[in-house]
Each structure stands twice: as C-alpha cells, then as structure tokens.
Amino acid sequence: MFLPYGTDAPVYHYPVATIGIIVTNTVLFVLTGMGDCGGYDWLILEFDRINPFQWVTSAFMHASWSHLIGNMIFLWCFGLVIEGKLGWKRFSLLYLGLALADGAIGQIPMFVFTDGQGGALGASGVIFALLAVAVIWAPQNDIHFFYVWSWLFYGTIEIPISVVAFFYFAIEFLQVAWTGIRMSTPMLHLLGMSVGIPFAIFMLKHQLVDCEGWDLFSRLGIQPFGASRVSNENDTAQVDSVLDRIHGASKLAVTTAITDATTQAKRDPCATAFEAFGNAVRSDRMF
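The text that follows walks through the structure, step by step, so that each part is easy to find. (Residues numbered from 1 in each chain as written. Predicted model: local features only at pLDDT ≥ 70, side-chain atom pairs only at ≥ 80, totals over all residues. Heavy atoms only, no water.)

The side chains of a regular strand alternate between the sheet's two faces. As defined by bridge partners, strand β3 (residues 142–149) adjoins strand β4 (residues 153–160) across 8 bridges and the pair is classed as antiparallel. Across the sheet, residue histidine 144 finds its bridge partner in β4, namely glutamate 158. Once β3 ends, the chain turns through 3 residues before running back antiparallel as β4, passing serine 150 with a positive phi of about 55 degrees. (Pairing = 2+ DSSP bridges. Helix = DSSP H or I, 4+ residues; strand = E, 2+ residues; numbered from the N terminus.)

Evaluated as defined, the whole model comprises 10 aromatic pairs. A centroid spacing of 6.4 Å and a plane angle of 5 degrees characterise the contact between tryptophan 42 and phenylalanine 53, whose relative ring orientation is stacked. Pair noted here: tryptophan 42 is in the loop between α1 (16–31) and β1 (45–46) and phenylalanine 53 is in helix α2 (residues 52–57), with a separation of 11 residues, a long-range link. Look at phenylalanine 53 and you get partly exposed, because its relative accessible area is 47%. By way of ring pairs, the aromatic residues Phe74, Phe78, Phe128, Phe167 and Tyr168 are connected into one cluster. Over the aromatic face of tryptophan 214 sits the side chain of arginine 219, whose NZ or CZ is 4.3 Å from the ring centroid. (Phe/Tyr/Trp six-rings, centres within 6.5 Å; stacked < 30°, edge-to-face > 60°. Buried < 20%, exposed > 50% of the residue type's maximum accessible area, 1.4 Å probe, protein only. Lys NZ or Arg CZ within 6 Å of the ring centre and 35° of its normal.)

Take the environment of phenylalanine 146 next. Of note, phenylalanine 146 is situated in strand β3. On the basis of relative accessibility, which here comes to 57%, the residue phenylalanine 146 falls in the exposed class. C-alpha separation for the pair phenylalanine 146 and threonine 156, spaced 10 residues apart in sequence, amounts to 4.4 Å. With sequence-adjacent residues up to four places away left out, phenylalanine 146 is seen in contact with Tyr154, Gly155 and Thr156. (Contact = heavy atoms within 4.5 Å.)

Attention now goes to the nonpolar core. One recurring pattern in soluble globular proteins is that nonpolar side chains are buried together. Counting residues in each nonpolar core, the largest one holds 44 residues, and the members touching the most others are Ile82, Tyr95 and Trp137. Mapped onto this core, the elements with two or more residues apiece are α1, α3 (65–86), α4 (88–113), α5 (124–137), α6 (161–179) and α7 (185–205). The biggest single contributor to this core is α5, with 12 residues. Leaving out residues up to four positions away in the same chain, isoleucine 82 has contacts with Phe91, Leu94, Leu130, Val133, Ala134 and Trp137. (Core = buried A, V, L, I, M, F, W, Y, C linked by side-chain atoms within 4.5 Å.)

Shown next as structure tokens:
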C-alpha cells in the first residue's frame, strides 16, 4: 500500500518491482555462498579494473545476513514510496540506472586514482540513492519505525523522510570527516546519495514523475521543478473558468447595449432630445 502525503484515501499499488528486487537479492545471496564470495569475486565491484557488468551485479551481492536484511528493510521503505509514484516498470529501470551510476562512480575513480586494491558489494549505495530520490519527491511522507526499549516499551513512531534523510546524511558525513576522504562504507553511501539527486531532479523537471505538488521544490515554492501535471490541469481549469466568466460578461454587456439601443430607438425623439439637454445642463456643458 502506498499513501501519498496530502491524500485522504490510500492508493493501492502492489509493489511488484520492490518485492522482485528483494527476492533477487536474497536468492543471489544464497546461491553465492551466503557471504562467502570467494568464488564469485567477478560479481562484486573490483577496484583493479573497469567492468560495467559489475556496476549492476555488485548491487545484488551481500557479505552477511545482517548486511542483506538491513539493506532490504530500507529498500522496502523507500521502494514503496518511489514505486508508488512510478509503477513497477519505470521503478525497475530507475533502480538499474542508479545501480549503474553508483557502480561507475565507485569503481572508475578507484581504478584511475589508486592502486586498485579491494572492492565493494551491497545494495546500500543504491538504497542511499533511493533515499535521495524519496526526499526530493516526497519529503513529508512518513516512515513507520518500530522501536523496543528494554523489552518493556515498544511501539511505532512516524518520522518524515526528510528527517530520516538528514539524520543518515549527517551520520555518514561526520564519519567521513572523522576518518578522512577515502573509499569506505560511509563514502560509498554519500556517493550513492550524490547519484540519486540528479536522477530525481531530472525526472521531476521533465515531468517523468508526478508528485502532485508534494515534492521538495513545490514545498519550497520553486515552481519550475515542482509543477506537476495535476497542478497544470488545475491551472488550465481555472483559466478556462475565468475565460468563461469573461465571455459571459461580454455577452451580457453586448446584450445590455443592444437592449438599451433598441429601447432608445423606440422612445419619442423629442423626449430623448430633452433628456440630453437636461444632462448637459447638469454637467455645466452649456454654461
């Protein structure tokens, strides 16, 4: 179920693509040794080469069950929001596009500017890209978090996506600032966010997604990006309504003028002349 912010009733979308991606990640994790990727290094992002095939496959590889489950939970959260706006086909293409861009921005600089040691794997870079997309398209949508404290207090809390995004960005940024600029998990997460931002803005600007005026730019009053098809249709309807009123007023004015002219034509010429003379005297035109 996807409930866009500002609507009164749920809009049901079966998250086919999100579930499919989660299943694919889980199946590949089991088939490739459940984290023991010794014989499957060709599927992860190796820094000693440039291999576009790995840009995609590395996003479906994970090092442990906790790595997999953590990523899939957040993929579910952000996937519901974004797939709800795009549909399963376009969301699948977006996910693959983000994986390609995230893999490229991680592998190419490491190959060109370092000795090419090490590698990376996991969907977290793409998920951080989805987080950036979600905060631009639906910053006021809520994510429901379940909390447990000392097994005595538990429940759920709703936190806006914008707050979640700021929190995780601050954590990753502070870690990079503390450890220095080098390829690390926090750096890969920040690179993922940097990939998601241009994708989100491009699709919003070219109306490839309709956020119905609830996107970040519309909330900030920036219209060139935030104008949606719905708002355009509303604006068109308002313009048509104004034109109809103007047209109606014009017809009324013409009808009134014709009626007045007809009435004057039927009046006695002497009475009309006398009335005109009286009006002129009252306006001091003759004295």
